[in-house]
Amino acid sequence: MSGKQHINLHLDAHTVGLDVPRDREANYRNAAELLNQRYQYYLKLRPNASAEQLWMYTALEVAVALQSDVREKSLVPVEKELRELNELIINTIKQ
């Protein structure tokens with residue numbers, strides 16, 4: 001079943017209502033859980049920080065993780081080609 005459905009996500013003291021693709025609902029719920037976990041981590045680390053500062057730390061951490069993941073995935077094809085080229089060179093040298 002395709003289409004969208006309305007869900008409510010709880011992010012700290014806030015409720016966010018979204019219309020999301022049905023097949024991605026779990027992704028949104030997992031993302032909200034991750035954000036809440038990281039927010040709670042920074043809250044314990046910096047109990048005097050404002051909610052805005054805590055969300056900025058949380059957003060920055062998640063953004064850095066995303067960038068690292070994107071960079072690693074973009075290198076996979078290059079690494080595969082390098083392994084194949086190395087194997088070709090080694091086999092050529094052995095002959």
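### Considerations on the packing of aromatic side chains
No. 1: According to the stated counting rule, one finds three aromatic pairs in the structure shown.
No. 2: Ring centres 5.0 Å apart and planes at 75° place the aromatic pair Tyr41 and Tyr42 in the edge-to-face group.
No. 3: A relative accessible area of 13% places Tyr42 in the buried class.
No. 4: The rings of Tyr41, Tyr42 and Tyr57 are connected pair by pair, giving a single aromatic cluster.
No. 5: One Lys or Arg, Arg38, reaches over the ring of Tyr41 and ends 4.4 Å from the middle of that ring.
No. 6: Taking NZ or CZ as reference, Arg46 lies 4.6 Å from the ring centre of Tyr57, over its face.

### Here we look at the nonpolar core
A general trend in soluble globular proteins is that nonpolar side chains are found buried together.
No. 1: By size, the foremost hydrophobic cluster in this structure holds five residues: Ile7, Leu9, Leu11, Val20 and Ala32.
No. 2: With residues near it in sequence (within four places) discarded, Leu9 still touches His14, Thr15, Val16, Leu18, Tyr28, Arg29 and Ala32.

### Re the side chain of Gln5
No. 1: Inspection of the secondary structure puts Gln5 in strand β1 (residues 4–11).
No. 2: A distance of 2.9 Å separates a polar atom in the side chain of Gln5 from a polar atom in the side chain of Arg22.
No. 3: Here the side chain of Gln5 touches Glu25 through a polar contact of 2.7 Å, side chain to side chain.
No. 4: Dropping the residues within four chain positions of it, Gln5 is found in contact with Leu18, Asp19, Val20, Arg22 and Glu25.

### Some remarks on the pattern of salt bridges
No. 1: In total, this model carries two salt bridges according to the counting rule given.
No. 2: Note that Arg38 is salt-bridged to Glu61, the shortest N-O span being 2.7 Å. Here the residue Arg38 occupies a position in helix α1 (residues 25–45), and Glu61 occupies one in helix α2 (residues 51–94), the gap between them amounting to 23 residues.

Criteria and thresholds
- Residues numbered from 1 in each chain as written.
- Predicted model: local features only at pLDDT ≥ 70, side-chain atom pairs only at ≥ 80, totals over all residues.
- Heavy atoms only, no water.
- Phe/Tyr/Trp six-rings, centres within 6.5 Å; stacked < 30°, edge-to-face > 60°.
- Buried < 20%, exposed > 50% of the residue type's maximum accessible area, 1.4 Å probe, protein only.
- Lys NZ or Arg CZ within 6 Å of the ring centre and 35° of its normal.
- Core = buried A, V, L, I, M, F, W, Y, C linked by side-chain atoms within 4.5 Å.
- Contact = heavy atoms within 4.5 Å.
- Helix = DSSP H or I, 4+ residues; strand = E, 2+ residues; numbered from the N terminus.
- Polar contact = N/O pair within 3.5 Å; in protein donor to acceptor, adjacent residues only side chain to side chain.
- Salt bridge = Lys/Arg side-chain N within 4 Å of Asp/Glu carboxyl O.

That is the geometry; function is a separate question.
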